[in-house]
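Descriptive structure summary
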Amino acid sequence: MKIQWWGHSAFRIETGKATILIDPFFTGNPAFEGQNAGEAARGVTHIVLTHGHGDHIGDTSDIAKETGATVIANFDLCMWLNKNRGIEKFDPANTGGTVSHDGFTVTYVNALHSSATITEDGVSHSLGNPNGVVLHFDDDPTLLHMGDTDIFSDMGLINELHQPDIGIVPIGDRFTMGGAVAALACRRYFDFSTILPCHYASFPIIDQTADKFLAAMEGDAGKVRVPAVGDVLEL
C-alpha cells in the first residue's frame, strides 16, 4: 500500500486494485499550494468523503468527472452531488453501513463533529452527518480515517469491531481534537501500528505542527509518521 498526504485531510491511497482519494481538498487548501492536482488525482478509481464540509468535499466534482471515479459518501451528500454537481457514479452509505468495491470495503463510523446544510435557489439541502471511514483491504492493512472529530469513548467499539492497523488522526485543534487529546484517543482506544496526523498545518487558525501530538504520544511516538505534503509512504 502507498499513501500520500496532500495537506489538511486529503490522502491518496494506492493498492493493488484501486487508487482512492479521501477528502480531496486541493483548490483553496493552503497546504496544497505549489502541488500538482493532476498528479494527485492521476488514475483515481474511487473518492471517499467523510462529511459535507467544503474543506473535505474539495475538488470531488471535477476529479470525478475527469477520471470517472466512483464517489463514496453518506446518502444525503451523494444525492446532493448527483443532483447539483452532476456526479453520476456514486455509492451511498450511512453510519454503520458498509459498501464493497473491487479489493476493499468502506464502513462509515461515528465522528463527533458538525455537518453542513447548503441553500441553493432558496432550497436547503442537508449534506448528512459527519463520519469516520474504515477501509478494509483484501491484501493490505486496515485503515481508519477518523474524519473531523473529538475524542469519544465509543472509539473503543470502532477498534473492537474493525481493529484498524493504520490511523489517520485529526490533531489541529479548534475544529477537531488538539494534539494532546488526539494522542489520548490513539493510546486509550486503539492499537495502531502506524499513525498519520492530519487537519493541521493548513489554515493559520489551527496548529501548524504535529509537535503537541508527538509529545503527548510519549512512548508510542515511534508509531507516528509525519510526512511532508506529497511524500509517498509505503506501508
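The structure under discussion appears in the preceding block.
Quick summary incoming for the structure in this document. A quick note: this is a predicted structure, and the numbers were derived from the prediction, not measured. Counting from 1, residues in each chain are numbered in the order their sequence is written. Selection of residues for local features in this predicted model requires a pLDDT of at least 70, selection of side-chain atom pairs for listing and counting requires 80 or more, and totals for whole chains, interfaces and linings are taken over all residues. Each side-chain value is worked out from all heavy atoms of the structure, with water and hydrogens disregarded.

1. Description of the sheet that holds strand β12 (residues 143–145)
What the six strands build is an open sheet, ordered β7-β8-β11-β12-β13-β14; its pairing is mixed. Two strands in the sheet have a free side with no partner beyond their single neighbour: β7 (98–101) and β14 (194–198). On average, each strand axis in the sheet is inclined to that of its neighbour by 20°, with strand direction left out of account. Bridging between β7 and strand β8 (residues 104–110) involves four bridges; their strand directions are antiparallel. By the bridge assignment for β8, Thr-98 is matched with Thr-107. Contacts are assigned to residue pairs with any non-hydrogen atoms lying within 4.5 Å of each other. A fitted line through C-alpha atoms represents every axis, and for helices the fit uses only the stretch in contact; the resulting angles, taken between N-to-C directions, go from 0 to 180 degrees. In this text, helices come from DSSP runs of H or I with a minimum length of four residues, and strands from runs of E with a minimum of two, each type numbered from the N-terminal end. In the packing of helix α5 (residues 155–162) onto the sheet, contacts are made with β8, β11 (131–137) and β12, and the angle to β8 comes to roughly 160°. In this analysis, strands are considered paired if DSSP registers two or more bridges between them.

2. Regarding helix α3 (residues 60–67)
Three labels apply to residues, based on accessible area from a 1.4 Å probe with only protein chains included: buried if under 20% of the type maximum, exposed if over 50%, partly exposed otherwise in between. All buried positions along α3 are accounted for by Thr-60, Ser-61, Ile-63 and Ala-64. Its buried side turned inward, α3 meets β3 (19–22), α1 (37–41), β4 (46–48), α2 (54–57), β5 (70–74) and α4 (75–85). One or two positions beyond α3, positive phi appears at Gly-68, with a value near 75°.

3. Here's the deal with the pattern of salt bridges
Two side chains with opposite charge may pair up if their charged atoms get near one another. Here a salt bridge means any side-chain nitrogen of Lys or Arg lying within 4 Å of a carboxyl oxygen belonging to Asp or Glu. The tally for this structure, following the rule as stated, stands at seven salt bridges. Here Arg-187 and Asp-220 are joined by a salt bridge, their closest N and O atoms 3.2 Å apart. Taken together, the residues Arg-187 in helix α6 (residues 179–189) and Asp-220 in the loop between α7 (211–217) and β15 (232–234) connect sequence positions 33 residues apart. Owing to a relative accessible area of 25%, Asp-220 belongs among the partly exposed residues under this scheme. Salt-bridge contacts for Asp-191 lead to Lys-223; the nearest nitrogen and oxygen are separated by 3.7 Å. Separated by 32 residues along the polypeptide, Asp-191 in the loop between α6 and β14 and Lys-223 in the loop between α7 and β15 bring together distant segments of the chain. The exposure class assigned to Asp-191 is exposed, which follows from its relative accessible area of 58%. Residue classification places Lys-223 among the partly exposed residues on the basis of a relative accessible area of 26%.

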